[in-house]
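Report on the structure
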Amino acid sequence: MSDIDNNLHIDDLEQPVVIPTEAYISPEYARAESEKLWRKVWLQAGREEDLPEVGDFLTFDVGVDTILITRPAADTIKAFHNVCPHRGRRLVDTPAGQHNAKGRRNQFICAYHGWRFNQDGENTHVPEKQDWQGALDNGCADLASVKCETWGGWIWINMDPDCEPLKDFLEPVTTMLDPFQLQNMRVRWRKWGIFDCNWKVAMEAFNETYHVQTTHPEFNRYGNFRGWARAQGERGLHSNIGYDTPKDMDENQSAKLRVGTTADPRITTAELQNYTWENANTNTTQTLVDAANRLKDELPEGTPAGEVLMHWLKTAREDDAAKGVIWPEVEPAHVGKSGTAWQIFPNFQIGHAVNNMLCYSARPYGNDPDKCIFEGAVYQLFPEGEEPKAEWEYCEATAEAWCYVLGQDFSNMAAVQQGMKSAGFMGPRPNPYMERATANLHRNLANYMGAGAPRKLK
Ligand code: FES
Ligand SMILES: [Fe+2]
């Protein structure tokens, strides 16, 4: 029986499983990913605001493929394979050391023999075209098109001409995250690097809360909330994570913000906000930090944790509103169900909130199973016109280049990649409750790859 015949059912995810290591370390598996995975799924390839004007373009590389994304009209974004149909030269080069190519061009001129293409991918000029005796007419010298849609402010591409619509692929992510209006957020910072691990190892450093107490011990003094992970939607293609907390609190927010477990919640809230702002620069904003620092002046000693949380968020909401920054109103029950972060198959994580978000993605670096292109980006709501121009910054996988907390996460990645090759390692055994998103990722990967299916541990 092949791996895939034996794959887990979505209902099996509560059981302990072991994941074969081939998905992480096998060169054959990595080579097969291009054809069976990356060319079959919707992939987040950039932000809509990266192409503000007609004529703007950017490139997106994944594995051995490279995609050219254009804005031929104010309300249109298109995508093409970034390859010249004449002799196969990559059409737009990515400048050395850059995350991607970008700029504004009404025509793309191939550097080899000068074939030209417009923003719609149409061939507009072939030197000595008559020599082809008409064979290049009727669009056969145009760029090969790639499916392109938008959601959440991101541009999504799919190389499979027969793929399902983006919204069908993403559900229930769109229903759950639309109320957070992620499309209105803008980048505060974004960094990328080439890391010494498989892309799955990088993604799996962030899709669970089980590692927090050991990898980030500084957070333990603010309480230890138990985190869950669930497969989502009918197919269970995507997952999300969140926290179990006492029922009288806004479950996920209070746990993520770690309000209410210790001493004086006015003080610990401020401490944790300042620690997070300085050492992670994620999951909070200057407005939230400032409002947290005022709690001890605005509330009497002994104020219960739930009230501290509500006062803090209410005053921060008002502070932002005074600057014209309006947080969306999301039903508390919906916030609870949405958890703290979504793992969109196969390689994009959104850690959402009403005023900021933290996103990760990782994808292969060529065909090398031991390397990946890792990206981290923080977005928030800004007053109109005050959005920073935050471009992609290349950073080594160090705490110095990123920040202390992410450095803690990175410190496990190369060590996991190497450890998985040990003859003594039987394969990852994710926690069936807290690390279920990892088991679910591999359950879904096996459906695409026809290999690497998790097996029940007992
Ligand atoms: S390869 Fe592009 S014009 Fe020849
Ligand atoms: Fe972490």
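Up top is the structure these notes are about.
Residue indices begin from 1 for each chain and proceed along its sequence in written order. Ligands are numbered from 1 and chains lettered from A, in the order in which they are written. Since the coordinates come from a predicted model, pLDDT governs what is reported: local features require at least 70, and pairs of side-chain atoms require 80 or more to be given and counted, while whole-chain, interface and lining totals use all residues.

1. Re the overall build of the protein chain
For clarity, the threshold we go by: Think of it this way: any DSSP run of H or I at least four residues long counts as a helix, any run of E at least two long counts as a strand, and we number them from the N terminus. Both definitions apply: the radius of gyration is a C-alpha atom measure, and the globule rule equals 2.2 Å times residues to the power 0.38. Buried means a residue has 20 or more other C-beta atoms within 10 Å of its own C-beta, exposed means 12 or fewer, and partly exposed covers the counts in between; C-beta atoms are placed from the backbone. Once C-beta atoms are placed from the backbone, any two residues with those atoms within 7 Å are in contact.
Helix and strand content of the protein chain: 14 helices and 20 strands. For 458 residues, the compact-globule formula gives about 23 Å, and the C-alpha radius of gyration of the protein chain, at 23 Å, lands near that figure. Judged by the C-alpha coordinates and their principal axes, the protein chain covers about 85 × 60 × 40 Å. Across the 458 residues in the protein chain, those meeting the buried criterion constitute 44%. Contacts in the protein chain between residues at least 24 apart in sequence constitute 67% of all its contacts with a sequence separation of at least 6.

2. What to know about the sheet that holds strand β6 (residues 102-104)
Our working rule: Strand pairing is assigned whenever DSSP detects at least two bridges linking the two strands. Between N-to-C directions, angles cover 0 to 180 degrees, with each direction set by a line fitted to C-alpha atoms, over the stretch in contact for helices.
Spatial ordering of the open sheet is given by β2-β11-β10-β5-β4-β3-β6, a layout of seven strands whose pairing is antiparallel. Two strands close off the open sheet at either side, each with one partner strand: β2 (43-47) and β6. With strand direction ignored, the average angle separating the axes of adjacent strands in the sheet is 30°.

3. With respect to the packing of helix α8 (residues 265-279) against helix α11 (residues 305-322)
Let me state the cut-off plainly: For classification purposes, an angle smaller than 35 degrees is called roughly parallel, one larger than 145 roughly antiparallel, one from 65 to 115 roughly perpendicular, and anything else oblique. By convention the crossing between two helices is left-handed if the near helix lies anticlockwise of the far one by an angle smaller than a right angle, and right-handed if it lies clockwise. Basically, the charged four are Asp, Glu, Lys and Arg, the nonpolar ten are Ala, Val, Leu, Ile, Met, Phe, Trp, Tyr, Cys and Pro, and anything else, Gly included, counts as polar.
The N-to-C vectors of α8 and α11 enclose an angle of 50°; their axes lie 9 Å apart at closest approach. The pairing of α8 with α11 is recorded here as oblique in orientation. Relative to α11, α8 is oriented so that their crossing is right-handed. Of α11, the residues touching α8 (which contributes Pro 265, Arg 266 and Thr 269) are Ala 305, Val 308 and Trp 312. In the contact of α8 with α11, the residues fall into four nonpolar, one polar and one charged.

4. Remarks on the environment of Asn 412
By the element assignment, Asn 412 lies in helix α13 (residues 404-419). A C-alpha to C-alpha distance of 22 Å links Asn 412 and Glu 278, two positions 134 residues apart in sequence. Once residues lying within four places of it in the same chain are set aside, the contact partners of Asn 412 are Ala 205 and Thr 215.

5. Here's the deal with α8
Let me state the cut-off plainly: One fewer than the residue count of a helix, multiplied by 1.5 Å, yields its expected span.
Look at α8: 20 Å from first C-alpha to last across 15 residues, which is about the 21 Å you get at 1.5 Å a residue. Within α8, the full set of buried residues consists of Pro 265, Arg 266, Thr 268, Thr 269, Ala 270, Leu 272, Gln 273 and Thr 276. Tucked inside the fold, the buried residues of α8 contact α9 (286-293), α10 (295-298) and α11. After α8 finishes, the residue Asn 281 shows a positive phi value of roughly 55°.

6. Some remarks on the pairing of strand β4 (residues 65-73)
When strand β3 (residues 56-62) meets β4, the two strands line up antiparallel, connected through six bridges. Residue pairing across strands places Val 62 opposite Asp 65, the latter belonging to β4. Here β3 folds back onto β4, and the loop between the two strands holds two residues, one of which, Gly 63, carries a positive phi near 60°. As defined by bridge partners, β4 adjoins strand β5 (residues 76-81) across five bridges and the pair is classed as antiparallel. Pairing of Thr 70 across the sheet is with Lys 78, part of β5. Linking two consecutive strands that pair antiparallel, namely β4 and β5, is a turn of two residues.

7. Considerations on the packing of α8 against α9
The N-to-C vectors of α8 and α9 enclose an angle of 150°; their axes lie 8 Å apart at closest approach. Relative to α9, the element α8 lies roughly antiparallel. Classified by chirality, the crossing of α9 by α8 is left-handed. Along the contact surface, α8 presents Thr 269, Ala 270, Gln 273, Asn 274 and Trp 277, while α9 presents Leu 288, Val 289, Ala 292 and Asn 293. Within the contact of α8 with α9, the residues separate by chemical class into five nonpolar, four polar and no charged.

8. Overview of unusual backbone geometry
Following Glu 171, the chain continues into Pro 172 via a peptide bond in cis, with omega recorded as 5°. Note that Pro 172 resides in the loop between α3 (166-170) and α4 (173-177). A cis amide bond links Phe 345 with the next residue in sequence, Pro 346, at an omega value of -5°. Phi is positive for Asn 281, which is not a glycine, with a value near 55°.

9. Some words on the sheet that holds strand β17 (residues 356-365)
Pairing is mixed across the open sheet formed by eight strands, whose spatial order is β13-β14-β15-β16-β17-β18-β12-β19. The sheet is open, and its two edges are formed by β13 (226-232) and β19 (393-394), each paired on a single side. Sheet strands in contact with helix α14 (residues 436-449) are β13, β14 (238-244) and β15 (341-344), and its direction is about 20° off that of β13.

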